[in-house]
Amino acid sequence: IRDRQFDVSLILVGHLTKDGSLAGPRLIEHLVDTVLSFGGERTSDLRYLRAVKHRFGPTTEVGLFEMSTAGLAGVVDPSDRFLTDRQPGLAGSVVVPAVEGRRPVLVELQALTVGSGHMDGSVTVQGIDGRRLAMVSAVLASRASCNLSSHDVFVSSTGGAKVAEPGADLAMAVGLVSSMVDRPPPADLVVCGEIGLGGEVRSVPLLAARLQEAYRLGFRTALVPASAPDGPTGMTVLRATTVADGLASVIGKLAR
């Protein structure tokens, strides 16, 4: 709340309920000009600052901070932060150019599939949307002849990042298949695209910016939807119409 007569700003500090809404009467949310959400996982030193409401500007920007002994410090290059300890050459490891707000951020997704010895395997996720993983697994079984039902499946995002957007669908599919056949993807590969129930690969917002960020960090190959724009000069763009096509093109390039 800002008093323009005296040029004074008032900040109200509250907390969120378990369902993510503001505690207390909704009148407070309607009264203020801006609502900021600040938080993160207890097991991570990263904290996100998001604008839930902004009367005089966009709500698509995200601030990323790191807790340190000296207090909060802004993370200047989130992509580098999430990929610092990455070890290329691991089966099931795939880098996805995700988007936080309108900022492209490269995140490593790791998938591990292990034969469970039972008809129904378990599924464990961390940092990703478990419902989207279930959908991707179903599409792989129905449209790509890759049934994971008898496997224990583990998928996580590294570095404390959260990836809940559809753009990570294709990366999850590649990671799962890579782990199942035990072949690591190329070290310079990024994967991005939404998977439909028919097995088609769909475009996602800000693809050009995602590819530019990947190129900046040294990635020279990208698996993307067929309708994706051209990547930066020097980047090889592999286009996939269906998830089966995408897996075939990447598996053909996997290290044996």
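To be clear, the structure that these remarks concern was listed above.
Residues numbered from 1 in each chain as written. Predicted model: local features only at pLDDT ≥ 70, side-chain atom pairs only at ≥ 80, totals over all residues. Heavy atoms only, no water.

Participant: Could you give an account of the overall build of the protein, naming the residues involved and the relevant values?
Facilitator: Assigned secondary structure in the protein consists of six helices and 15 strands. Along the three orthogonal principal directions, the C-alpha set of the protein runs to about 70 × 45 × 40 Å. Across the 256 residues that make up the protein, the buried fraction comes to 41%. A separation of at least 24 residues holds for 59% of the contacts in the protein among residues at least 6 apart in sequence. Carbon and sulfur atoms make up 54% of the accessible area of the protein, which totals about 13700 Å². For the protein, the separation between the mean place of its 25 positive charges and that of its 26 negative charges on side chains is 3 Å. (Helix = DSSP H or I, 4+ residues; strand = E, 2+ residues; numbered from the N terminus. Buried < 20%, exposed > 50% of the residue type's maximum accessible area, 1.4 Å probe, protein only. Contact = heavy atoms within 4.5 Å. Areas by Shrake-Rupley, 256 points an atom, 1.4 Å probe, with all protein chains shown as cover. Lys, Arg positive; Asp, Glu negative; His and termini not counted. Charge placed at Lys NZ, Arg CZ, Asp CG, Glu CD.)

Participant: So, helix α3 (residues 130-143): which residues are in play, and what are the values?
Facilitator: Taking 1.5 Å of rise per residue, 14 residues should cover 20 Å, and α3 covers 20 Å from first to last C-alpha, within 8% of that figure. Regarding α3, the residues found buried are R132, L133, M135, V136, S137, V139 and L140. Of the surrounding elements, those touching the buried residues of α3 are β9 (123-126), β10 (151-157), α4 (169-181), β12 (194-195) and α6 (243-251). The N-cap of α3, judged by a side-chain oxygen 2.9 Å from the amide nitrogen of R131 a few residues on, is D129. S145, located one to two residues past α3, shows a positive phi value of around 50°. (Expected span 1.5 Å × (residues − 1). Polar contact = N/O pair within 3.5 Å; in protein donor to acceptor, adjacent residues only side chain to side chain.)

Participant: Outline the side chain of E108, listing residues and values.
Facilitator: Positionally, E108 belongs in strand β8 (residues 103-115). With no salt bridge to any partner, buried E108 finds its closest opposite charge in R86, at an N-O distance of 4.6 Å. Within the structure, the side chain of E108 is placed 2.6 Å from the side chain of S93, a separation counted as a polar contact. In terms of polar contacts, E108 uses its side chain to reach the side chain of Q110, at 3.2 Å. (Salt bridge = Lys/Arg side-chain N within 4 Å of Asp/Glu carboxyl O.)

Participant: Hey, could you go over the packing of α3 against α4 for me, with residue numbers and the actual values?
Facilitator: Viewed as axis vectors pointing N to C, α3 and α4 meet at an angle of 60°, and their least axial separation amounts to 10 Å. Here α4 runs oblique to α3, going by the angle between their axes. In the crossing of α3 with α4, the sense of the turn from one axis to the other is right-handed. Judged by residue contacts, R132, L133, M135, V136, S137 and L140 of α3 engage D169, M172, A173, L176 and V177 from α4. (Axes fitted to C-alpha atoms, helices over the stretch in contact; angles between N-to-C directions. Parallel < 35°, antiparallel > 145°, perpendicular 65-115°, else oblique. Left-handed = near helix turned anticlockwise from the far one by under 90°.)

Participant: Tell me what's going on with the packing of aromatic side chains, and back it up with residues and numbers.
Facilitator: Going through the model one piece at a time under the given rule, you end up with one aromatic pair. Lying over the aromatic face of Y215, R220 brings its terminal NZ or CZ to 3.8 Å of the ring centre. (Phe/Tyr/Trp six-rings, centres within 6.5 Å; stacked < 30°, edge-to-face > 60°. Lys NZ or Arg CZ within 6 Å of the ring centre and 35° of its normal.)

Participant: Tell me what's going on with the environment of G92, and back it up with residues and numbers.
Facilitator: In this structure, G92 sits in the loop between α2 (78-82) and β7 (93-100). G92 gets classed as buried once you look at its relative accessible area, which sits at 1%. Placed 60 residues apart in sequence, G92 and D152 show a C-alpha to C-alpha distance of 14 Å. Each residue touching G92, except ones within four places of it in the same chain, is listed here: L109, Q110, A111, G175, S178, S179 and P185.

Participant: Could you give an account of the pattern of salt bridges, naming the residues involved and the relevant values?
Facilitator: One pass over the full model with this rule turns up nine salt bridges. Across the pair D33 and R55 runs a salt bridge, and its minimum N-O distance is 3.0 Å. Of the two residues, D33 sits in the loop between α1 (27-31) and β3 (34-39) while R55 sits in the loop between β4 (46-54) and β5 (62-68), which places them 22 residues apart along the sequence. When its relative accessible area of 15% is taken as the criterion, D33 is described as buried. E200 is paired through a salt bridge with R202; the nearest N and O atoms lie 2.9 Å apart. Given a relative accessible area of 45%, R202 falls into the partly exposed group. Because the salt bridges share partners, they merge into one network encompassing D77, E213 and R216.

Participant: How would you summarise the sheet that holds strand β6 (residues 71-74) if you had to cite specific residues and measurements?
Facilitator: Taken together, four strands build an open sheet; the order of strands is β3-β4-β5-β6 and the sheet is antiparallel. The open sheet has two edge strands with one neighbour each: β3 and β6. Strand-to-strand twist in this sheet, taken as the mean axis angle between neighbours without regard to direction, amounts to 30°. As defined by bridge partners, β3 adjoins β4 across six bridges and the pair is classed as antiparallel. Each residue of the ladder has a partner; that of S37, found in β4, is R50. (Pairing = 2+ DSSP bridges.)

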